Amino acid sequence: MNSVEELCDLIGSRITWGPGEDAGSLTADTPLLEMGLVDSLAIMEIVAALDKEAGVTMPDTEIVAANFRSPRALWAALGNLAVEGRT
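From a predicted model like this one, the values you see are computed outputs, not experimental measurements.

1. A word on the environment of Leu7
- Tracing the sequence through the fold places Leu7 in helix α1 (residues 4-12).
- According to the relative accessible area criterion, Leu7 is buried, its value standing at 0%.
- Setting aside chain neighbours within four positions, we find Leu7 in contact with Met1, Leu50, Pro71, Leu74, Trp75 and Leu78.

2. Quick notes on helix α3 (residues 71-84)
- Taking 1.5 Å per residue, 14 residues should reach 20 Å; α3 reaches 20 Å between its end C-alpha atoms and fits that length.
- Three or more residues of α3 are buried, namely Pro71, Leu74, Ala77, Leu78 and Leu81. Around the axis of α3, the buried residues are gathered within 120° of arc, so they sit on the same side.

3. What to know about the packing of α1 against helix α2 (residues 40-54)
- Viewed as axis vectors pointing N to C, α1 and α2 meet at an angle of 125°, and their least axial separation amounts to 10 Å. By the angle between their directions, the pair α1 and α2 is classed as oblique. The element α1 and its partner α2 pack so that their crossing is right-handed. Each of Leu7, Leu10 and Ile11 in α1 lies in contact with α2, whose residues at this interface are Ile46, Ala49, Leu50 and Glu53.

4. Considering the packing of α1 against α3
- Two elements in contact, α1 and α3, have axes separated by 10 Å at closest approach and are oriented at 115°. Considering the relative orientation of α1 and α3, their crossing is right-handed. From α1, Val4, Leu7, Cys8 and Ile11 reach across to α3, where they touch Pro71, Arg72, Leu74, Trp75 and Leu78.
- Among the residues forming the contact of α1 with α3, the class breakdown is eight nonpolar, no polar and one charged.

5. Brief notes about the pattern of salt bridges
- All chains considered together, the criterion is met by two salt bridges.
- In this structure, the salt-bridge partner of Arg14 is Glu53, at a minimum N-O distance of 2.3 Å. In this pair, Arg14 sits in the loop between α1 and α2 while Glu53 sits in helix α2, placing the two residues 39 residues apart along the sequence.
- As a salt-bridge pair, Arg72 and Asp29 come within 2.7 Å of each other at their nearest N and O atoms. In this pair, Arg72 sits in helix α3 while Asp29 sits in the loop between α1 and α2, placing the two residues 43 residues apart along the sequence.

Thresholds, definitions, all that
Residues numbered from 1 in each chain as written. Predicted model: local features only at pLDDT ≥ 70, side-chain atom pairs only at ≥ 80, totals over all residues. Heavy atoms only, no water. Helix = DSSP H or I, 4+ residues; strand = E, 2+ residues; numbered from the N terminus. Buried < 20%, exposed > 50% of the residue type's maximum accessible area, 1.4 Å probe, protein only. Contact = heavy atoms within 4.5 Å. Expected span 1.5 Å × (residues − 1). Arc of directions from axis to C-beta. Axes fitted to C-alpha atoms, helices over the stretch in contact; angles between N-to-C directions. Parallel < 35°, antiparallel > 145°, perpendicular 65-115°, else oblique. Left-handed = near helix turned anticlockwise from the far one by under 90°. Nonpolar A, V, L, I, M, F, W, Y, C, P; charged D, E, K, R; others polar. Salt bridge = Lys/Arg side-chain N within 4 Å of Asp/Glu carboxyl O.

Any functional reading would require information that these geometric values do not contain.
So this is what it looks like as structure tokens:
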């Protein structure tokens, strides 16, 4: 995973979009929780996809709402994991 845009693509592919909505509208600052775009199941699908597709394992302690408020928040959390050497 090299950019927040790639993360947006991954997240967008795991969201169930309503009529007239599409993954292309997802930006780094889209409020995922506030807009109801992700729920606990979607979060777990995103975590699984990060592990499978990007080789990034999120510890259970990092799977919290604050890290899924927006793609940018998740990108920052992933960056912190990398700095700590936990990915």
